[in-house]
Amino acid sequence: ALLMLEIGRLAQVNNSLGPEAGDAMLREAAERIRAAAPLSSCLGRLRGPRFMLVFERLETREADAVCQHIMGRLAGQPIVFRDQAIPVEGHAGLA
């Protein structure tokens, strides 16, 4: 299965808090995705706010549950950058 994720608000964060905040947001998002994903999966950043996660041998139902878990971990808490909480949003597509 293949999961495509897009982190929301990256341009807004870059414009309002600077590119360092956007970079911190992407690093934290990647860490959260990696921590929530199965060990056998492969994570990559495509460009900008887009990530791709490849799962080995997951049935559609299992992949959907993993996707829901990842999205919950991703948006569960804001990212803190220089004492400012940045809410994390994301969109995902599963194939």
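Only a predicted model underlies this, so the values are computations on that prediction, with no experimental measurement involved.

**Observations regarding the overall build of the chain**
In terms of helices and strands, the chain carries 3 helices and 6 strands. Each helix and strand of the chain, placed in order from N terminus to C terminus, yields the pattern β-α-α-β-β-α-β-β-β. Since a compact globule built from 95 residues should have a radius of gyration of about 12 Å, the 13 Å found for the chain is in line with a globular shape. With the C-alpha coordinates of the chain rotated into their principal frame, the extents come out at 40 × 25 × 20 Å. In the chain, which comprises 95 residues, the share counted as buried stands at 35%. Relative to all contacts within the chain whose residues are 6 or more apart in sequence, the contacts with residues 24 or more apart total 62%. For the chain, the exposed area adds up to about 5,900 Å²; of that, 50% sits on carbon and sulfur atoms.

**Things to note about helix H3 (residues 60–75)**
Taking 1.5 Å of rise per residue, the 16 residues of H3 would be expected to cover 22 Å, and the 22 Å separating its terminal C-alpha atoms lies within 8% of that figure. Ala 63, Val 66, Cys 67, Ile 70, Met 71 and Leu 74 are the residues of H3 that are buried. End-on, the buried residues of H3 take up no more than an arc of 135°, which puts them together on one face. Every exposed residue of H3 that faces more than 90 degrees away from the buried side is listed here: Arg 61 and Gln 68. In this structure, the buried side of H3 is in contact with strand E1 (2–8), helix H2 (19–36), strand E3 (50–54) and strand E6 (89–94).

**Structural notes on the confidence of the model for the chain**
Looking at the chain as a whole, the pLDDT averages 92, with 100% of positions reaching at least 70. Ranking the elements of the chain by mean pLDDT puts H3 last with 90 and E3 first with 95.

**What to know about the side chain of Ser 41**
Among the structural elements, Ser 41 can be located in the loop between H2 and strand E2 (42–47). There is a polar contact of 2.6 Å between the side chain of Ser 41 and the backbone oxygen of Pro 38. Excluding its chain neighbours within four sequence positions, the residues that come into contact with Ser 41 are Leu 53, Val 54 and Phe 55.

**Comments concerning the environment of Glu 62**
Considering the arrangement of structural elements, one finds Glu 62 in helix H3. Between the C-alpha atoms of Glu 62 and Ala 1, which are 61 residues apart in sequence, the distance is 9.7 Å.

**Looking at the pairing of E1**
Relative to E3, E1 is paired through 5 bridges, and the arrangement is antiparallel. When the sheet's bridge partners are listed, Met 4 is paired in E3 with Met 52. Sheet analysis places E1 next to E6, joined by 6 bridges and oriented antiparallel. Each residue of the ladder has a partner; that of Met 4, found in E6, is Gly 93.

So, how was this worked out
- Residues numbered from 1 in each chain as written.
- Predicted model: local features only at pLDDT ≥ 70, side-chain atom pairs only at ≥ 80, totals over all residues.
- Heavy atoms only, no water.
- Helix = DSSP H or I, 4+ residues; strand = E, 2+ residues; numbered from the N terminus.
- Rg over C-alpha atoms; globule rule 2.2 N^0.38 Å.
- Buried < 20%, exposed > 50% of the residue type's maximum accessible area, 1.4 Å probe, protein only.
- Contact = heavy atoms within 4.5 Å.
- Areas by Shrake-Rupley, 256 points an atom, 1.4 Å probe, with all protein chains shown as cover.
- Expected span 1.5 Å × (residues − 1).
- Arc of directions from axis to C-beta.
- pLDDT = per-residue confidence, 0-100.
- Polar contact = N/O pair within 3.5 Å; in protein donor to acceptor, adjacent residues only side chain to side chain.
- Pairing = 2+ DSSP bridges.

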